[in-house]
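Structural overview
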Amino acid sequence: MRADVVEEARRWLGTPYLHQAATRGAGCDCLGLLRGVWRAVQGGDPPVPPYTPDWDEVAGDDLLLKAARDFLLEKSKAPLAIGDVILFRMRHGAVAKHLGIYSGTDSFIHSYSGHGVVESRLSAPWQRRVAATFQFPNPIRN
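We now turn to the structure provided with this report.

Another point: the overall build of the protein chain. Looking only at helices and strands, the protein chain features 4 helices and 8 strands. The secondary structure elements of the protein chain, listed N-terminal to C-terminal, are α-β-β-α-α-β-β-β-β-β-α-β. Radius of gyration (C-alpha) of the protein chain: 14 Å, near the 14 Å computed for a compact globule of 142 residues. The C-alpha extent of the protein chain, read off along each of the three principal axes, is 40 × 30 × 30 Å. Here the protein chain holds 142 residues, and 46% of them are scored as buried. Expressed as a percentage of contacts within the protein chain between residues at least 6 apart in sequence, the contacts between residues at least 24 apart total 57%. Accessible surface, the protein chain as shown: approximately 7400 Å² in total, 53% of it carbon and sulfur.

Before going further, it helps to spend a moment on the packing of aromatic side chains. Summed over the entire model, instances satisfying the criterion amount to 5 aromatic pairs. Here the aromatic rings of phenylalanine 88 and phenylalanine 108 are separated by 5.2 Å at their centres, their planes lie at 45 degrees, and the arrangement is tilted. On the criterion of sequence distance, the pair formed by phenylalanine 88 in strand β4 (residues 85-89) and phenylalanine 108 in strand β6 (residues 107-112) is long-range, its members being 20 residues apart. Judged by relative accessible area, which is 0%, phenylalanine 88 ranks as buried. Here phenylalanine 108 and tryptophan 126 contribute two aromatic rings whose centre-to-centre distance is 5.1 Å and whose plane-to-plane angle is 70 degrees, an arrangement assigned as edge-to-face. Here phenylalanine 108, found in strand β6, pairs with tryptophan 126, found in helix α4 (residues 124-128); they are 18 residues apart in sequence, far enough to count as distant. Using a relative accessible area of 0% as the deciding quantity, one classes phenylalanine 108 as buried. What makes tryptophan 126 buried here is its relative accessible area of 14%. Within the aromatic cluster, the residues linked to one another by ring pairs are Trp38, Phe71 and Phe136. Stacked on the ring of tryptophan 126, the Lys or Arg arginine 129 has its end atom at 5.8 Å from the ring centre.

Here the focus is helix α2 (residues 30-41). Taking 1.5 Å as the rise per residue, α2 with 12 residues should run 16 Å; its terminal C-alpha atoms sit 17 Å apart, in good agreement. Taking burial as the measure, the 12 residues of α2 include 10 buried ones, the bulk of the element. Between the side-chain oxygen of the N-cap and the backbone nitrogen of leucine 31 there are 3.3 Å, and the N-cap of α2 in question is aspartate 29. Residue glycine 43 follows α2 closely and has a positive phi angle near 90 degrees.

Of all the residues in helix α3 (residues 63-71), the buried ones are Leu64, Leu65 and Ala68. For α3, the buried positions fall inside an angular range of 100 degrees around the axis, keeping them on one side. In this structure, the buried side of α3 is in contact with α2, β4, β5 (96-104) and β8 (130-135).

Definitions and limits used
- Residues numbered from 1 in each chain as written.
- Predicted model: local features only at pLDDT ≥ 70, side-chain atom pairs only at ≥ 80, totals over all residues.
- Heavy atoms only, no water.
- Helix = DSSP H or I, 4+ residues; strand = E, 2+ residues; numbered from the N terminus.
- Rg over C-alpha atoms; globule rule 2.2 N^0.38 Å.
- Buried < 20%, exposed > 50% of the residue type's maximum accessible area, 1.4 Å probe, protein only.
- Contact = heavy atoms within 4.5 Å.
- Areas by Shrake-Rupley, 256 points an atom, 1.4 Å probe, with all protein chains shown as cover.
- Phe/Tyr/Trp six-rings, centres within 6.5 Å; stacked < 30°, edge-to-face > 60°.
- Lys NZ or Arg CZ within 6 Å of the ring centre and 35° of its normal.
- Expected span 1.5 Å × (residues − 1).
- Polar contact = N/O pair within 3.5 Å; in protein donor to acceptor, adjacent residues only side chain to side chain.
- Arc of directions from axis to C-beta.

Next up, the structure:
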């Protein structure tokens, strides 16, 4: 359980949506939210190559899923713990291209076009779209 992850993610609520951005209060997309939370709780910024809004849907390459496996600790889908990262496939068989942070009580924090960073209920339609779940690694202490 990583309450520090959720605490930081909640500081981003209300940040407008801005593709490829990762600045609290100014703008971020779903990956930018994760990058900003990572900076605050882990330190540094994981390298993220430029990406398009379609997340390589045409080639079918699961880039976001591959990147999550490089930086996060993959776990089973259930049970979710506070601070877990949830990857979603927006359509059955599509690449995973959306993510959020589980905030407890069946809710998650995410950023999406037209809404910015919000806390949403992890309703049945969202649950059906879960592709994978991850945990933040333990922070490195100096």
